[in-house]
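Here are the chains, one letter per residue:
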Amino acid sequence: MRTMSLLPDAETLHLEALVADERGITIVATTTGDSAACPDCGRPSTHVHSRRRRHVADLPWQGLAVRLDLQLRRFYCGAPGCARRTFTERVPAVVAPYARRTVRLAAVVEAIAFALGGEGGARLLAALGLQVSPDALLNTIRTAGPPEAPTPRVIGIDDWAWRRGHHFGTIIVDLERHAVLDLLADRAIASVVTWLQAHPQVTTIARDRSGVYAEAARTAAPQATQVADRWHLVHNLAAVLEEFLLHHRSALRAACAPAPVTASDAGAPGPLTPHRPRHGQQRATEASQQRQARLVEQYEAIHRLHIAGADVADIARRVGVSRRTVYRYRNLSAPPEPPRPHRPARQRVVAPFEPYLLGRWQEGCHNGMRLYREIRAQGYAYGASSVMRFVAELRRDEAAGRPAGTTGRARAAPTPTARHVAGLFLRRPTDLHPEQQAYLDRLCAADEAVATTYRLTQDFVALVRERGGARLDAWLAEVESDAVLALRRFAAGLRADLDAVRAGLTETWSNGTTEGFVHKLKLVKRQMYGRAGFAVLRRRVLARAG
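A look at a nonpolar patch on the surface
No. 1: A contiguous nonpolar patch, built from Leu6, Leu15 and Leu18 and spanning about 270 Å² of accessible area, is present on the exposed surface.
No. 2: Its place among the elements puts leucine 6 in the segment before strand S1 (13–21).
No. 3: Leucine 6 sits in the partly exposed class, given a relative accessible area of 46%.

Things to note about the pairing of S1
No. 1: Pairing between S1 and strand S2 (residues 24–31): 8 bridges, direction antiparallel. Across the sheet, alanine 20 pairs through a bridge with isoleucine 25, a residue of S2.
No. 2: Turn length for the S1-S2 hairpin, with the two strands adjacent in sequence and antiparallel, is 2 residues.

A look at the packing of helix H8 (residues 312–319) against helix H9 (residues 323–330)
No. 1: Two elements in contact, H8 and H9, have axes whose closest approach is 9 Å; the angle formed by their N-to-C orientations is 105°. Judged on the interaxial angle alone, H9 and H8 are roughly perpendicular. Packed against H8, whose contacting residues are Val312, Ala313, Ile315 and Ala316, the element H9 presents Arg323, Val326, Tyr327 and Arg330 at the interface.
No. 2: By residue class, the composition of the contact of H8 with H9 is 6 nonpolar, no polar and 2 charged.

Looking at the packing of helix H11 (residues 368–377) against helix H12 (residues 385–399)
Each pair of packed helices can be described by the angle between their axes along with the distance between the axes.
No. 1: At a minimum axis distance of 9 Å, the contact between H11 and H12 shows a crossing angle of 125°. When the axis of H11 is compared with that of H12, the two are oblique. Remark: the crossing between H11 and H12 carries right-handed chirality. Within the contact between the two elements, H11 uses Gly368, Met369, Leu371, Tyr372 and Ile375 and H12 uses Val387, Met388 and Val391.

Comments concerning the side chain of aspartate 69
No. 1: Its location among the elements puts aspartate 69 in strand S6 (residues 64–76).
No. 2: Polar contacts involving the side chain of aspartate 69 include one to the side chain of arginine 53, which spans 2.2 Å.
No. 3: Other than its neighbours up to four places away in sequence, aspartate 69 contacts Thr26, Ile27, Val28, Ala29, Arg53, Arg54 and His55.

Considerations on the nonpolar core
No. 1: Residues Phe425, Tyr439, Leu443, Phe460 and Trp475 are the most contacted members of the largest nonpolar core, which totals 44 residues.
No. 2: Sorting the residues of this core by element identifies helix H5 (230–246), helix H6 (249–254), helix H14 (418–426), helix H15 (434–446), helix H16 (448–466), helix H17 (472–482), helix H18 (485–496) and helix H19 (498–504) as the ones contributing at least two each.
No. 3: Per-element accounting of this core gives the leading share, 7 residues, to H16.
No. 4: Residues contacting tryptophan 475, with those up to four places away along its chain left out, are Leu456, Asp459, Phe460, Leu463, Phe490 and Leu494.
No. 5: Core analysis: the next-biggest nonpolar cluster, separate from the first, contains 32 residues, Phe114, Ala144, Val154 and Val524 among them.

Things to note about helix H2 (residues 134–143)
No. 1: Listing the buried residues of H2 in full gives Leu137, Leu138, Thr140 and Ile141. Down the axis, H2 shows its buried residues gathered within 150° of arc, on one side only.

Considerations on the pattern of salt bridges
Opposite charge on two side chains permits pairing when their charged atoms draw close.
No. 1: Across all of its chains, the model carries 23 salt bridges by this definition.
No. 2: Across the pair arginine 84 and aspartate 40 runs a salt bridge, and its minimum N-O distance is 3.2 Å. Taken as a pair, arginine 84 in the loop between S6 and strand S7 (86–88) and aspartate 40 in the loop between strand S3 (36–37) and strand S4 (44–45) lie far apart in primary sequence, 44 residues in all.
No. 3: Judged by its relative accessible area of 27%, arginine 84 falls in the partly exposed class.
No. 4: Of the residues examined, aspartate 40 reaches a relative accessible area of 49% and is grouped as partly exposed.
No. 5: Note that aspartate 473 and arginine 502 form a salt bridge whose closest N and O atoms lie 2.7 Å from each other. Placement of the pair is aspartate 473 in helix H17 and arginine 502 in helix H19, with a sequence separation of 29 residues.
No. 6: Residue classification places arginine 502 among the partly exposed residues on the basis of a relative accessible area of 24%.

A look at the packing of aromatic side chains
No. 1: One pass over the full model with this rule turns up 11 aromatic pairs.
No. 2: Judged by centre distance (6.5 Å) and plane angle (10°), the ring pair of tryptophan 160 and phenylalanine 534 falls under stacked. One end of the pair, tryptophan 160, is in strand S8 (residues 154–163); the other, phenylalanine 534, is in helix H21 (residues 533–545), and 374 residues separate them in sequence.
No. 3: Judged by its relative accessible area of 3%, tryptophan 160 is buried.
No. 4: Overall, the relative accessible area of 25% leaves phenylalanine 534 in the partly exposed class.

Parameters and conventions
Residues numbered from 1 in each chain as written. Predicted model: local features only at pLDDT ≥ 70, side-chain atom pairs only at ≥ 80, totals over all residues. Heavy atoms only, no water. Patch = residues over 30% accessible without salt bridge, like charges linked within 9 Å, V, L, I, M, F, W, Y side chains within 5 Å. Areas by Shrake-Rupley, 256 points an atom, 1.4 Å probe, with all protein chains shown as cover. Salt bridge = Lys/Arg side-chain N within 4 Å of Asp/Glu carboxyl O. Helix = DSSP H or I, 4+ residues; strand = E, 2+ residues; numbered from the N terminus. Buried < 20%, exposed > 50% of the residue type's maximum accessible area, 1.4 Å probe, protein only. Pairing = 2+ DSSP bridges. Axes fitted to C-alpha atoms, helices over the stretch in contact; angles between N-to-C directions. Parallel < 35°, antiparallel > 145°, perpendicular 65-115°, else oblique. Contact = heavy atoms within 4.5 Å. Nonpolar A, V, L, I, M, F, W, Y, C, P; charged D, E, K, R; others polar. Left-handed = near helix turned anticlockwise from the far one by under 90°. Polar contact = N/O pair within 3.5 Å; in protein donor to acceptor, adjacent residues only side chain to side chain. Core = buried A, V, L, I, M, F, W, Y, C linked by side-chain atoms within 4.5 Å. Arc of directions from axis to C-beta. Phe/Tyr/Trp six-rings, centres within 6.5 Å; stacked < 30°, edge-to-face > 60°.

Structure below.
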């Protein structure tokens, strides 16, 4: 348990005086031992040669700087053959030789430097009463001893962007200890091979689908089991599905049969949205309610302080509002009224003339300017642009095979994108909304290739969720026999990395922990504002892992 005392080491030091001046507090202390050991030969000596004083900084007290005035003795060394004739007694528990800070202060400065870096650490130390420059803190990181190197068995490896799209590094994580093992300045095969050769005890390597790390592991650690990350397998499958569905956009549109909307379906996701959205009107209502609650709270606080006799400036400072707000709320007899709800969208100006325009369109008149002149003679008082937009809607309806005017009277069902449908393919059927499931049923019934792809996708996702690596060969055989070209290409990619894929669908290890440390690495890197270089970043990340 850590003990707190005025002196850094109460057993070896004796307090002589405590002096306070404009610079802070000075602690005058002497050593209590009768002898001291020579730092070269280790022989103790009691023969005092002289005395010297050392002035070192210590932990601040209540924001005041504290300086330790150590009165040390210098001894003769009488050991025959020792090259040192005299020496100053050491107090290693208090201060290191030639250091300007006590051991406990140096530990605090080092911890703050590793946690906050140069600029942030200097600001915190200044608030605590210590003046340490950002450069000094960075030098503290550079000169700190390396952390203890563990013996890893199961590692995760991934890349991270030093400069996104241009310069990448490599992060290596101990998946058993959940700690960063090392950072490499690049993601070249040679760098990873060198690191793996220095750690022959590694037995398992979790990675993404990168060929760089796969080749490095095969070269330098053939004894290790490579584990392909399950998330990346599903991510690769999603990209394949999106490419496949892009060639079936007509089927995606045809499956969007309009369905009546009931009150129970309000707020329910359609086939486009894999997750339930929050509508804009709902968000606006919630934001308005939160704002009204905040205004009422401010109103009550202002009246309470005004009744208590506080002046306007004090009320504004304590409530956190302007003086003008205090004056206005103080004179109100009731809390401010909530804002009026947003007005619904106005009817477009051409709406009263749409039946006439639609009738003329069906008669064969498709000239927008002629239709504009006709309704202008009937009292239309606006510009031609609204008429042109309505005529364009009629043309789009005819081009899409819909009855003219469908877009204006009742909005047609939106066409889902390939990415959204690929997301539906990957979800559990039990997690789908009935409308989403009905859309998939219509889509699969209309296209046999889509139905086969959906079934095989669900089978593969089940392998991932249940870690059914034993069933992988059967799935690959079925895909390679009668599946669509996109899935056959995906299966060929799995074949090229079959052992790692099977291990990923069998082992419990994954690269999720590594991805989490990549996010922490980004936080530390951005704290440094691009300064200090890779060496300091590596030391800070490894120190956090220790």
